[in-house]
Amino acid sequence: MKDTALTPGITAGRLEPRDYAENFADLHPPLDRHEAVVAADRCYFCHDAPCITACPTEIDIPLFIRQIATGTPEAAAETILDQNILGGMCARVCPTETLCEEACVRELAEGKPVEIGRLQRYATDTLMDRGVHPFTRAAPTGKRVAVVGAGPAGLACAHRLAMRGHDVTIFDGHDKPGGLNEYGIAAYKTVEDFAQDEVDWLLKIGGITVETGKRLGRDLSLGALKADHDAVFLGIGLGGVNALGLDGEDRAGLRDAVDFIAELRQADDLSQLPVGRDVVVIGGGMTAIDAAVQAKLLGALNVTLVYRRGRERMNASVYEQDLAASKGVTIVTNASPVAVHGNGAVREVEFEYTDDDLAPTGQRVRIPADQVFRAIGQKLQGDGLPDLDGRKIRVTAAGRTSVEGVWAGGDCAAGGDDLTVTAVAEGRDAAEDIHKSLVG
Amino acid sequence: MANLETDFIGIKSPNPFWLASAPPTDKEYNVRRAFEAGWGGVVWKTLGEDPPIVNVNGPRYGAVWGADRQLLGLNNIELITDRPLETNLEEIARVKRDYPDHAIVVSLMVPVNEDSWKAVLRRVEETGADGVELNFGCPHGMSERGMGSAVGQVPDYVQQVTEWCKTHSSLPVIVKLTPNITDIRKPAQAAKDGGADAVSLINTINSITGVDLDLFAPEPTIDGQGAHGGYCGPAVKPIALNMVAEIARTPDLRGLPISGIGGVTTWRDAAEFLALGAGNVQVCTAAMTYGFKVVQEMISGLSQYMDEKGFTSVDELVGRAVPQVVDWKDLNLNYVTKARIDQDLCIKCGRCYAACEDTSHQAISMSEDRTFEVIDAECVACNLCVNVCPVEGCITMERLAAGQVDPRTGAVVQDDYANWTTHPNNPAKCAAE
């Protein structure tokens, strides 16, 4: 008999084939031309617009929206990409509800902001669909820069450096470039292999060589990179995952949410991807939400996301929480995991209810689980790195590290939110600083 | 519900909403539908001499749209009726017989010679129609043949043709005026001098709605070329209101009945025309955009407004705003206002600041936290901030009370009326001394 949502254990093919396509379709389908013009007309073209200030890459949002309104989405795309070369991905994955759209004066006025994210996607999609790359390289400087990590920070840094005339080599430990854009974001946010398309489009500027399968600490050393290049940028992200530190954490069925998300993103056939009947996700960030929602979309019967503090403390935005709830994910808050039960394979996770300061209340609950995802944060991995600030690489505003000639940005660097858009800003700004130091 | 019945130069209709002479009134079928929908009257699309004219077979209309395809302005290069005179006359007679209480006025345009007018008038009278409207307005096509606006632009012709019509017909004569002229009062005076019972205005405005930037041709485009057409719709209303008001307030023209035309889209537009002196209104673009049913909103809206105001007949509204339309020189210079921003309503978009700082008087300050405040010492009360503010009622103009000092001029606000003619800076006054 065919497996269904009710089939116990971890199994693939719980849904009808057509359900997978429907469940993992574009979360926000693209606007068509008329929809874009109508949406653009709502922008007030504010003076010194709050949305610009709220954008980590400071895109001139009123200008690009006006360019859409006047029928020149290609020009709008240039306005966006000039500040944020990954504007296409950011249009899809940015938590706009806590950034530009939260700052939009129409949010204040009527609780309905201009749809900045979707308009940005309309503009960038229009340009990229034409295969146009609007940036060209400056005269060659003869300088060589190594960029470690082909995620948002590394790609943004590499593009800006190439534009300034430098030759760039990007090294990445994965098989494909893209970093979290390729491996770490829910599939319904970036459909149809957009992450790779965007990288291909970005590389059209020329002057950038990508070497995959090369990981810092395994295949590369910082010393050697420094010796071979005029500058090094580290955009290595957070390669490690925090452990729960519980009895029974080694039981079968318990794994890192990031691995599940990466596997899902790389799967050719989602009906072949196994998922539990009763799934428990531990954590309160975007990774936890992405794992929980996608487990549900794969056909899990019960998905419970458990966070140790209150809802308002969750890193996932209210929008993401609501999305999870709308897909049928149960969100349990103020509960910390205390034990993983099961004979060989996980069967239940035991939690203790806590207050917001994590003080135990003595009340416990066991939640049935045949699959458990850890999503309580990632950590920097690697030895021989520049000095740290807490658990991340210490950097100046321009991304300089404690090591001369080495810059860092993105999730691996201290400061800033762990967002794609923040990584892009940091990579871009580090590139400008590298450029200044190389030619100044 | 207020009584909307109107008597316009002796022509009675159940309400003041008439369809203007245009495509919606070209045929019996359309006019019957219009009356069933609630329109009070129609001006039948302009009749001419046989053989009927031939229209273009490409697009007849061009448009100007808002972002959501809201039709803001429409232009046309259609000519007068392209159906035989006899066909139109038969249909007019049939419809008038079936709708005796509705107004049917027949628009006419024939060459400028007395016999032509005499002949067509006789035929129209036989239909039982309530009146005629002389089309001196169409700015395209017919004007190239010495008719339409080619007549309306020459007051002598206007007077002459009007006299012929009054001589050869007992029907009420409405003269439809073209706005494509420098001073609307001149043709209006000519119509009056010729004995017209009323004028109607405005006809359409010479226009090109756009340019096709690939073909490099004006729109609407016929085989790669375009000719100017007549502009109408909501965009022309302010121009029409002014022309109606100019006629209504000119002493020599006072009392000349006016049928108001130009962008009437809602009951409110209609009420504004009536207040500026129009005895009724004629509508075209709104009907062409939304269909005949739109009149139902006009009827209910005007009724409600009149009830709220305590008006029992449309006549009580007609002309009520005319005394307040004055020359610039009559405006009270002692009326001093300042912009006031309601901080509770402000959404901090900063449009008032950008407008004032870049293009006006630097009279709005902006703080770090985006609080926008008016600097009274700079504010000239131009109203631009009110106009660009996206929130209705957020910025208002408030009058300084007499005795207060205007921080901009340092002068104490006077409570008497003083206009330009009494102001010491008046150069004309100096010259006169």
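Cut-off values and rules
Residues numbered from 1 in each chain as written. Chains lettered and ligands numbered in written order. Predicted model: local features only at pLDDT ≥ 70, side-chain atom pairs only at ≥ 80, totals over all residues. Helix = DSSP H or I, 4+ residues; strand = E, 2+ residues; numbered from the N terminus. Rg over C-alpha atoms; globule rule 2.2 N^0.38 Å. Buried ≥ 20, exposed ≤ 12 C-beta atoms within 10 Å, placed from the backbone. Contact = placed C-beta atoms within 7 Å. Domains from an automatic or database assignment. Nonpolar A, V, L, I, M, F, W, Y, C, P; charged D, E, K, R; others polar. Arc of directions from axis to C-beta. Pairing = 2+ DSSP bridges. Axes fitted to C-alpha atoms, helices over the stretch in contact; angles between N-to-C directions. Core = buried A, V, L, I, M, F, W, Y, C linked by C-beta atoms within 7 Å. Left-handed = near helix turned anticlockwise from the far one by under 90°. Right-handed = clockwise from strand over helix to strand, strands pointing away.

(A) Looking closely at the overall build of chain B. Across its full length, chain B carries 13 helices and 20 strands. Relative to the 2.2 N^0.38 estimate, which gives 22 Å for 433 residues, the radius of gyration of chain B is 25 Å and therefore close to what a compact globule would have. Each of the three principal axes of chain B carries a C-alpha extent, and together these read 75 × 55 × 50 Å. Scored against the burial criterion, the 433 residues of chain B give a buried share of 45%. Within chain B, counting contacts between residues at least 6 apart in sequence, those at least 24 apart form 71% of the total.

(B) Summary view of the domain arrangement of chain A. Residues and elements named next belong to chain A. Domain boundaries assigned for chain A yield domain 1 (17-25 + 242-377), domain 2 (33-129) and domain 3 (144-239 + 380-439). The straight-line distance from the C-alpha centre of domain 1 to that of domain 3 is 30 Å. Counting residues at the interface gives 10 residues for domain 1 and eight residues for domain 3. Among the elements of the structure, helix H14 (257-266) and helix H15 (286-297) are those that each provide at least two residues to the side of domain 1 that touches domain 3. Of all the elements, H14 adds the most residues to the side of domain 1 that touches domain 3, at five residues. Residues of the side of domain 1 that touches domain 3, tallied by class, amount to seven nonpolar, one polar and two charged.

(C) Up close: helix H2 (residues 33-41) of chain A. All names here are of chain A. Residues of H2 that are buried: Ala36, Val37, Ala39 and Ala40. Looking straight down H2, one finds that the buried residues subtend no more than 165 degrees of arc, so they occupy a single side. Contacts from the buried residues of H2 go to helix H4 (61-69) and helix H9 (116-129).

(D) Layout of the interface of chain B and chain A. If you look at the interface, chain B gives 11 residues, while chain A gives 11 residues. The residue makeup of the side of chain B that touches chain A, split by class, is seven nonpolar, one polar and three charged.

(E) Here's a closer look at the domain arrangement of chain B. Here chain B is partitioned into domain 1 (6-324) and domain 2 (329-432). In this structure, domain 1 of chain B and domain 2 of chain B have C-alpha centres spaced 40 Å apart.

(F) Region of interest: the pairing of strand E10 (residues 335-341) of chain A. All names here are of chain A. Relative to strand E11 (residues 348-354), E10 is paired through six bridges, and the arrangement is antiparallel. Along E11, the bridge assignment pairs serine 336 with glutamate 352. Between E10 and E11, which pair antiparallel in sequence order, lie six residues; one of them, glycine 342, sits at a positive phi of approximately 145 degrees.

(G) Inspection of the sheet that holds strand E6 (residues 254-256) of chain A at higher detail. Residues and elements named next belong to chain A. As summarised here, the arrangement of the five strands in space is E6-E13-E7-E8-E9, forming an open sheet in which the pairing is parallel. In this open sheet, the two strands that pair with only one neighbour each are E6 and strand E9 (330-332). Sheet twist, expressed as the mean angle between neighbouring strand axes with direction ignored, is 20 degrees. With three bridges connecting them, strand E8 (residues 302-306) and E9 associate as parallel partners. By the bridge assignment, valine 306 is partnered in E9 with valine 332. Sheet strands in contact with H14 are E6, strand E7 (278-282) and strand E13 (371-374), and its direction is about 75 degrees off that of E6.

(H) Local environment of the nonpolar core. Within the largest apolar cluster, 151 residues are counted, with the highest numbers of intra-cluster contacts made by Ile68, Phe233, Val281, Ala291 and Ala292 of chain A. Broken down by element, the residue count for this core peaks at eight residues, all from H15 of chain A. Judged by nonpolar contacts, the second largest core, of 97 residues, contains Val42, Leu79, Trp117 and Ala287 of chain B.

(I) Focus on the sheet that holds E10 of chain A. All names here are of chain A. Spatially, E10-E11-E12 is the arrangement adopted by the three strands of the open sheet, whose pairing is antiparallel. The sheet terminates laterally at E10 and strand E12 (360-368), the two strands that pair on one side only. Going across the sheet, the axis of each strand differs from the next one's by a mean of 25 degrees, ignoring polarity. Examined bridge by bridge, E11 and E12 share six bridges and lie antiparallel to one another. Of the residues in E12, the one forming a bridge with glutamate 348 is proline 368.

(J) Representation of the packing of helix H10 (residues 152-163) of chain A against helix H17 (residues 420-439) of chain A within the structure. All names here are of chain A. H17 packs onto H10 with a crossing angle of 35 degrees between their chain directions and a minimal axis gap of 7 Å. Where H10 crosses over H17, the two elements pack in a sense that is right-handed. Counting all contacts with H10, which are made through Pro152, Ala153, Gly154, Ala156, Cys157, Arg160 and Leu161, the residues of H17 involved are Thr420, Ala423, Val424, Glu426, Gly427, Arg428, Ala430, Ala431, Glu432, Ile434 and His435. Split into classes, the residues belonging to the contact of H10 with H17 amount to 10 nonpolar, four polar and four charged.

(K) Representation of the pairing of strand E2 (residues 167-172) of chain A in the model. All names here are of chain A. The sheet contact formed by strand E1 (residues 144-148) and E2 spans five bridges and is parallel. Counterpart to arginine 144 in the pairing with E2 is aspartate 167. Where the polypeptide runs from E1 across H10 and back to E2, its parallel neighbour, the crossover connection is right-handed. Relative to strand E3 (residues 208-212), E2 runs parallel, the two being bridged by five bridges. The partner of phenylalanine 171 across the bridge, within E3, is glutamate 211.

(L) Quick look at unusual backbone geometry. All names here are of chain B. Looking along the chain, the bond that leaves leucine 201 and enters isoleucine 202 is cis, with omega of 10 degrees. Looking along the chain, the bond that leaves glutamate 219 and enters proline 220 is cis, with omega of -5 degrees. Its place among the elements puts proline 220 in the loop between strand E13 (217-219) and strand E14 (229-232). In the Ramachandran plot, arginine 69 falls in the positive-phi region, its phi being about 60 degrees despite a non-glycine side chain. Within the secondary structure, arginine 69 is located in the loop between strand E5 (61-65) and strand E6 (71-76). The class of arginine 69 is exposed, set by 11 C-beta atoms lying within 10 Å. In the Ramachandran plot, glutamine 362 falls in the positive-phi region, its phi being about 50 degrees despite a non-glycine side chain. One can find glutamine 362 in the loop between helix H11 (351-359) and strand E18 (364-366). C-beta crowding within 10 Å serves as the criterion here: with 12 such atoms nearby, glutamine 362 is assigned to the exposed category.

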